[in-house]
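Summary of the model geometry
These are the residues of each chain, in order.
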Amino acid sequence: MQARKVFSKDLTRAPPTAVEPKQSILKGKVYLGWTKYQHKLFFWDWEKLVNPHMVVFGMSGQGKSTLVKTFLERCKIFHRINAVIIDFSGEYSDYAEHNLQLGSKDFLNIMDLGGLAPRERIEQLMHGFETAFGLNPKDSPLQYILLQEFLEEAYRRKGFDLDKYSENIETPTLLDVYEIAKEKYEQLEKKYKRSEGMKSSIESLMAKIRFYALHGSGAFSRKSTIRLDEITSKGIINLDLSKLPDEKARIFVGMSILEYLIDRMRKEGEYKGIKLVIVLDEAHKLAGENSPLIPLIKEGRKYGFAVVVSTQDVPDVSRKVISNAGSLFIFKLQDYEQAEYIAKSTNMSQHFMNEIFKLNRGWCIAKLNFSEEQSNTFILRVDPIIYRRVKVIFEEPNLKEILMRKIEEAEKLLEEIADKIPEEHRNNAVDLLSRLKSKDKIDFSDFIAINRLIEEFRDIINV
Ligand SMILES: Nc1ncnc2c1ncn2[C@@H]1O[C@H](COP(=O)(O)OP(=O)(O)O)[C@@H](O)[C@H]1O
Ligand SMILES: [Mg+2]
């Protein structure tokens, strides 16, 4: 008697499901599911869309992250596309190939240059400060300029030329910036007793960054354990920001990474197709009115990367992001105002708007904006790649017998759902079952295949 177990990791990286359509390997095509009424397979085709950027909305638990994971997984398996996930709530940690838990296990010094000159990186960081702390040149010009100066000073003191990238010099941290601010403040106090305006600006600036610079976990005051310029080349990489001290810190770090990635992709130049997907999960604040995504989305698909914004916080996402995204997927919503906000941003018809409230889990409204055809809206059932933890335990020695029992079970389920799935899936499933039935030598992968098929069928019944 033998007992063996399969855990999530094996399945995460295992080949796609048994009913994966054959067209998945075609250039530009990513299979996502099937349409409600006609049961037509839906392939997301970046060559036809105005841009490859995606917005995913819906209440918690309706299937947003599942759609995103499924998309990433098929991008990787069939098209070798890498991904960077900026994960605010820690939902991708057991999914990604590399999971980096910022602020607890892994550190990323946001002042690292990743190949940029300090002046360029400072500009990106200022954008992070603006979004996270509301520090903008209009409302608080003095603080803004001071911060810029302190950042420059921090790089200079380490020996950097502000206009050149240098590989071998250690980068400063936010703690250095804080120390510089403190030093300036003390100087002013000693020498110029009357510079109250300047002093109070430095004081408020210090108050903003003190907590982060001095925070116990050292999220902002330690050397990196990761290289910024390597995060785009490691398969599917998750930057889990959920362990950072607060939402401001997440926004700040998230924004400075996003700015870096966008800048980097632009510098790499134009590219046909997609080489990287950047996911913002529950990181809606990064897609607001000042988002660096807005100009990007308007530039279309020239740089070869796709941004996916997935969130339950609809109103935080700028209308410009919603209306210009190449594809929009809306899962069930309860809030009428949220649905209306989307409908108004996209000219969605009343019919589809009403459907938003009635969707089942795993179903969404898809709206695609093409470059040469009219936009298309339909109801989609997301067909996920199964990556979740599955346990298979064999307690009996007769493998063939167990397999046959499972095949029978699958056949019964298939009968039950036959008219709910596309014909191609049905045929693939029938093929697979007859192949398994006629096998003499059974191996472990056969059990993975049959278990998956059964799980998929059950999902279709349950969802
Ligand atoms: N298309 C689908 N088919 C089957 N199950 C699904 C589907 N989408 C979501 N689910 C199930 O619903 C649960 C919640 O989905 P998730 O993607 O985490 O939701 P969200 O990100 O919107 O909060 C998942 O654990 C998954 O098992
Ligand atoms: Mg989610």
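Check the entry above for the structure.
Now for a quick tour of the structure. Since the structure is predicted, the reported quantities are computational estimates derived from the model, not experimental observations.

Procedures and definitions
Residues numbered from 1 in each chain as written. Chains lettered and ligands numbered in written order. Predicted model: local features only at pLDDT ≥ 70, side-chain atom pairs only at ≥ 80, totals over all residues. Near = placed C-beta within 6 Å. Helix = DSSP H or I, 4+ residues; strand = E, 2+ residues; numbered from the N terminus. Nonpolar A, V, L, I, M, F, W, Y, C, P; charged D, E, K, R; others polar. Buried ≥ 20, exposed ≤ 12 C-beta atoms within 10 Å, placed from the backbone. Contact = placed C-beta atoms within 7 Å. Pairing = 2+ DSSP bridges. Axes fitted to C-alpha atoms, helices over the stretch in contact; angles between N-to-C directions.

Next up on the list: the site of ligand 1. In the vicinity of ligand 1 lie 14 residues, with G63, K64, S65, T66 and G362 positioned nearest. A total of three residues in the shell around ligand 1 trace back to one element, the largest contributor, which is helix α2 (residues 64–79). Split by residue class, the shell around ligand 1 holds three nonpolar, eight polar and three charged.

In this section: the environment of K199. Within the secondary structure, K199 sits in helix α6 (residues 196–214). Given 17 C-beta atoms within 10 Å, K199 falls into the partly exposed group. Not counting residues up to four positions away in its chain, the partners in contact with K199 are Y185, L188 and E189.

Across the sheet, which stays open at both edges, the 11 strands sit in the order β2-β1-β11-β10-β9-β3-β8-β7-β4-β6-β5 with mixed pairing between neighbours. The outermost strands of the open sheet, each flanked by one partner alone, are β2 (41–45) and β5 (98–101). Averaged over all neighbouring strand pairs, the angle between strand axes comes to 25°, with direction disregarded. For strand β4 (residues 82–87) and strand β6 (residues 236–240), the ladder comprises five bridges, and the chain directions are parallel. Counted as the bridge partner of I85 is N238 from β6.

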